[in-house]
Every structure is written in C-alpha cells, then in structure tokens.
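Chains, contacts and geometry: an overview
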Amino acid sequence: MAVTISEAAARHVTRYIAKRGKGVGVRLGVKTTGCSGLAYKLEYADEIAPEDVVFEENGVKVLVDPKSLAYIDGTQLDFVREGLNEGFKFNNPNERDRCGCGESFRI
C-alpha cells in the first residue's frame, strides 16, 4: 500500500509549510459526500496522529488515516497549473467514475 507525491506537489507543500512556519506534512483522506459518494480531503498537518499511516517522498510526509487508505491506495498527489488555474490533482487508479462537477468520485 502506498500514496505518493509528485515533485511539483512536494515543492508546493514545502513552500507553504515554510510560509506557515509550522507543519509536518499533508493529511490526505476521503469523506462521504457529493453525487458520486466520496470526495478527497486535503489539509496541512501539524502533528502525526498515532493511527496515521505515513508515506514520505520528495522530502514531504503524506499522512493517511487507515479507513481512507483502502480508497486511495496507489494515489499520486500532484500539483498542476492549467492556464490561470492551479491546484492539487489526485491521480487515483481506484476511481471508477467521477461526477460531472469533479467534486466527488466512486470506487
């Protein structure tokens, strides 16, 4: 089981944590919502919880709760710029369908 982070995403996270002045990495998980059932949740983490599964790549820790790991195993967290827009992109091989608005997905 693994979750990875691209070089572009790692650079963005490292810069943001430095600007914040604190943080150990990012916490990635899923929540039940939307028209397809699940949505990603991503937040900066200030500490590692005992139950967290920790993945480290490109100098950044990605923390995942055990319940979410089943849905996002194999996911790569990327950071992309498309025209004037930029943001995190989740490359999840487990996704079978995504809603039209892009807010939620189904396994």
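Scope of this entry: the structure provided in the associated data block. Here the structure is a predicted model, which means the values were calculated and not measured.

**Brief notes about the nonpolar core**
Membership of the largest hydrophobic core comes to 21 residues, with the highest contact counts inside it found for Val3, Ile5, Leu28, Tyr40, Val62, Val64 and Ile72. Sorting the residues of this core by element identifies helix 1 (7-20), strand 2 (25-33), strand 3 (37-45), strand 5 (60-64), helix 2 (66-72) and strand 6 (76-82) as the ones contributing at least two each. Considering every element that reaches this core, the biggest residue donor is helix 1, with four residues. Discounting chain neighbours no more than four positions away, the residues touching isoleucine 72 are Ala2, Val3, Leu28, Gly29, Val30, Tyr40, Val64, Asn92 and Asn94.

**So, the sheet that holds strand 7 (residues 85-91)**
Spatially, 1-6-7 is the arrangement adopted by the three strands of the open sheet, whose pairing is mixed. Only two strands of the sheet have a single partner each, and these edge strands are strand 1 (4-5) and strand 7. Both strand 1 and strand 6 contribute to a ladder of two bridges, which runs parallel. Directly across from threonine 4, in strand 6, lies its bridge partner glutamine 76. Packing against the sheet, helix 1 makes contact with strand 1, strand 6 and strand 7, and its axis sits at approximately 85° to strand 6.

**Some words on helix 1**
Along an α-helix, residues three or four positions apart point the same way, because every turn accommodates 3.6 residues. Given a rise of 1.5 Å per residue, 14 residues ought to cover 20 Å, and the 20 Å separating the end C-alpha atoms of helix 1 matches this to within 8%. Those residues of helix 1 that are buried are in contact with strand 1, strand 2, strand 3, strand 5, strand 6 and strand 7. Count one or two residues on from helix 1 and you reach glycine 21, which has phi positive near 85°.

Criteria and thresholds
- Residues numbered from 1 in each chain as written.
- Predicted model: local features only at pLDDT ≥ 70, side-chain atom pairs only at ≥ 80, totals over all residues.
- Heavy atoms only, no water.
- Core = buried A, V, L, I, M, F, W, Y, C linked by side-chain atoms within 4.5 Å.
- Buried < 20%, exposed > 50% of the residue type's maximum accessible area, 1.4 Å probe, protein only.
- Helix = DSSP H or I, 4+ residues; strand = E, 2+ residues; numbered from the N terminus.
- Contact = heavy atoms within 4.5 Å.
- Pairing = 2+ DSSP bridges.
- Axes fitted to C-alpha atoms, helices over the stretch in contact; angles between N-to-C directions.
- Expected span 1.5 Å × (residues − 1).

In short, the description is geometric, and any link to function would need to be established separately.
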